[in-house]
Amino acid sequence: QVQLVESGGGLVQAGGSLRLSCAASGSIFRLNDMGWYRQAPGKQRELVARISSGGSTNYADSVKARFTISRDNAKNTVYLQMNSLKPEDTAVYYCNAVVTTGALKYLGVWGQGTLVTVSS
C-alpha cells in the first residue's frame, strides 16, 4: 500500500501565500511523476502543476508565475508554493503520484485533499 498525506492548506487573504506539502509513504520502489490538482465547488478537478522524477515541470496557465512545484526525492515529498493567491484559487487541492511499488507494480495514488480558501 502507498499513501499520500497532504498538509499546509488553510485560509489566507488575497495576495497572500501558502505552501502545500505531500508526503508519500508505504511500499515505494520509485516515485515517478508527482503533481497537484484542485477542485473548486461545482467544477471538475483540474491540473495545477506536475513534476517529473527528473525535475521537469508544467503548470496550468492560470497559476504560471505564481505557483512553484518542487520535490525532495530523499523525503518522498512534493511541495506547492503558492504566491499572490486569488479568490479563484479557492479549492480542495489534491496530491497525485505515479508510483512504482515494491512489488514493481505501476500505481496512481491520490491524497485525501487539503482545503485552500482565499478571501477577498
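## Here we look at the environment of arginine 38
Part 1 of the reasoning: Within the secondary structure, arginine 38 sits in strand β4 (residues 28-39).
Part 2 of the reasoning: For the pair arginine 38 and alanine 91, spaced 53 residues apart in the sequence, the C-alpha separation amounts to 5.8 Å.
Part 3 of the reasoning: Not counting residues within four places of it along the chain, the set of residues in contact with arginine 38 comprises Gln44, Arg45, Glu46, Val48, Ser62, Val63, Phe67, Glu88, Asp89, Ala91, Val92 and Tyr93.
Part 4 of the reasoning: At a separation of 2.7 Å, a polar atom in the side chain of arginine 38 contacts the side chain of glutamate 46.
Part 5 of the reasoning: Separated by 3.4 Å, the side chains of arginine 38 and serine 62 make a polar contact.

## Considering the nonpolar core
Part 1 of the reasoning: By size, the foremost hydrophobic cluster in this structure holds 30 residues, and its most contacted members are Trp36, Val48, Phe67, Val78, Leu80, Met82 and Tyr93.
Part 2 of the reasoning: Looking at this core, the elements with two or more residues in it are β1 (2-7), β3 (18-26), β4, β5 (46-51), β7 (67-72), β8 (77-82), β9 (91-101) and β11 (114-119).
Part 3 of the reasoning: For this core, the element with the most residues is β9, which contributes five residues.

## Side note on the state of the cysteines
Part 1 of the reasoning: Taken as a whole, this structure holds one disulfide when the rule is applied.
Part 2 of the reasoning: Between the sulfur of cysteine 22 and that of cysteine 95 lies a disulfide, 2.1 Å long from S to S. On the S-S bond that ties cysteine 22 to cysteine 95, the torsion sits near -85°, and the link is left-handed. Placement of the pair is cysteine 22 in strand β3 and cysteine 95 in strand β9, with a sequence separation of 73 residues.

## Overview of the side chain of threonine 101
Part 1 of the reasoning: Inspection of the secondary structure assignment puts threonine 101 in strand β9.
Part 2 of the reasoning: On the basis of relative accessible area, threonine 101 is assigned to the buried category, the value being 9%.
Part 3 of the reasoning: If sequence neighbours within four positions are ignored, threonine 101 has contacts with Val2, Ser27, Phe29 and Leu107.

## Section: the sheet that holds β8
Part 1 of the reasoning: Pairing in this open sheet of four strands is antiparallel, and the strands run β1-β3-β8-β7 from one edge to the other. The strands lining the two open edges of the sheet, one partner per strand, are β1 and β7. Recorded for the sheet is a direction-independent mean angle of 15° between the axes of neighbouring strands.
Part 2 of the reasoning: Two elements, β7 and β8, share six bridges in a ladder whose sense is antiparallel. By the bridge assignment, aspartate 72 is partnered in β8 with threonine 77.

Analysis parameters
Residues numbered from 1 in each chain as written. Predicted model: local features only at pLDDT ≥ 70, side-chain atom pairs only at ≥ 80, totals over all residues. Heavy atoms only, no water. Helix = DSSP H or I, 4+ residues; strand = E, 2+ residues; numbered from the N terminus. Contact = heavy atoms within 4.5 Å. Polar contact = N/O pair within 3.5 Å; in protein donor to acceptor, adjacent residues only side chain to side chain. Core = buried A, V, L, I, M, F, W, Y, C linked by side-chain atoms within 4.5 Å. Buried < 20%, exposed > 50% of the residue type's maximum accessible area, 1.4 Å probe, protein only. Disulfide = S-S within 2.5 Å. Pairing = 2+ DSSP bridges. Axes fitted to C-alpha atoms, helices over the stretch in contact; angles between N-to-C directions.

Purely geometric numbers; function is a separate question.
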